[in-house]
Structures are given as C-alpha cells and as structure tokens.
Amino acid sequence: MSVTDHRRLGIAAGAALLTLAVAGCSGLGRAAVGTVTYDTGRKVHVQVTTPSVTGCHKLRPVGAVSITNRTVLDLVAYPTADCTGKSTTYIATTLSDVIAPGAGPWRSYSIVH
C-alpha cells in the first residue's frame, strides 16, 4: 500500500467514526449529554445532568417557570406531568425559555431525538 492509499483509508475511517459519533449522541448512549436546568415558582434551582433521551421527565410538582437546555439535543416542555397536551414549548440546544405572564408552569419535558 502506498502512502496515498493509507491516507485515503485513514480519511474514510475518520469519516465513518465521525458519523457514528454524531449519530451516537442520541442512539448509542441513550442520553442527552449536558444539563437541563430549571427554576420553580418557589425559586428553587434544579439541575439535571445527562437526561435520558427516552421517556417523559417530570419536573418538580410545582412545575418550572424557566428552563435552560445545555444538552446536545433539543427538548419539548409540556404543561402536564405526562408529556401530553397542547401549549408545548420547543427549546433548542443551548437555549432557554421563560413562561409567558399568566401562563401555567411546565410540568414535564421530553428530549427530541
């Protein structure tokens, strides 16, 4: 094998590994690497580290009035404790949101994967 062949093989292998690493964020590890932080209406600050990408994540019973998504995946916040219902809020990775005046708190969230 020539040097050029080794380089091509190395580039192909690197591209394959990069593809697996990006796809693996939600599939292989089954966790949204990073943190989700939120504040309750009672001024309690909560931090969840590397939440699972599957299932519904309940927030404290009083709900959340603000959420910051510092994970590698987006999330959807719900006004119900079981990740159902209307009036959901999409919070992309590295962004945050605060409930609108007069709106009820978020009670759960799910990870978009």
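The text that follows walks through the structure, step by step, so that each part is easy to find. (Residues numbered from 1 in each chain as written. Predicted model: local features only at pLDDT ≥ 70, side-chain atom pairs only at ≥ 80, totals over all residues. Heavy atoms only, no water.)

**Focus on the sheet that holds strand E6 (residues 89-91)**
(1) Moving on: Across the sheet, four strands lie side by side as E3-E8-E5-E6; this open sheet has antiparallel pairing. Only two strands of the sheet have a single neighbouring strand rather than two, namely strand E3 (57-58) and E6.
(2) Moving on: Across two bridges, E3 lies against strand E8 (residues 108-111) in antiparallel orientation. Looking at E8, one finds that His57 is bridged to Tyr109. (Pairing = 2+ DSSP bridges. Helix = DSSP H or I, 4+ residues; strand = E, 2+ residues; numbered from the N terminus.)

**Looking at the pairing of strand E5 (residues 75-78)**
(1) Moving on: Burial along E5 is two-sided: the residues Leu75 and Ala77 and Val76 and Tyr78 are all buried.
(2) Moving on: In the sheet, E5 pairs with E8 via four bridges, with the strands oriented antiparallel. Its bridge partner lying in E8, Tyr78 is registered against Ser108. (Buried < 20%, exposed > 50% of the residue type's maximum accessible area, 1.4 Å probe, protein only.)

Nothing here speaks to function; it is geometry throughout.
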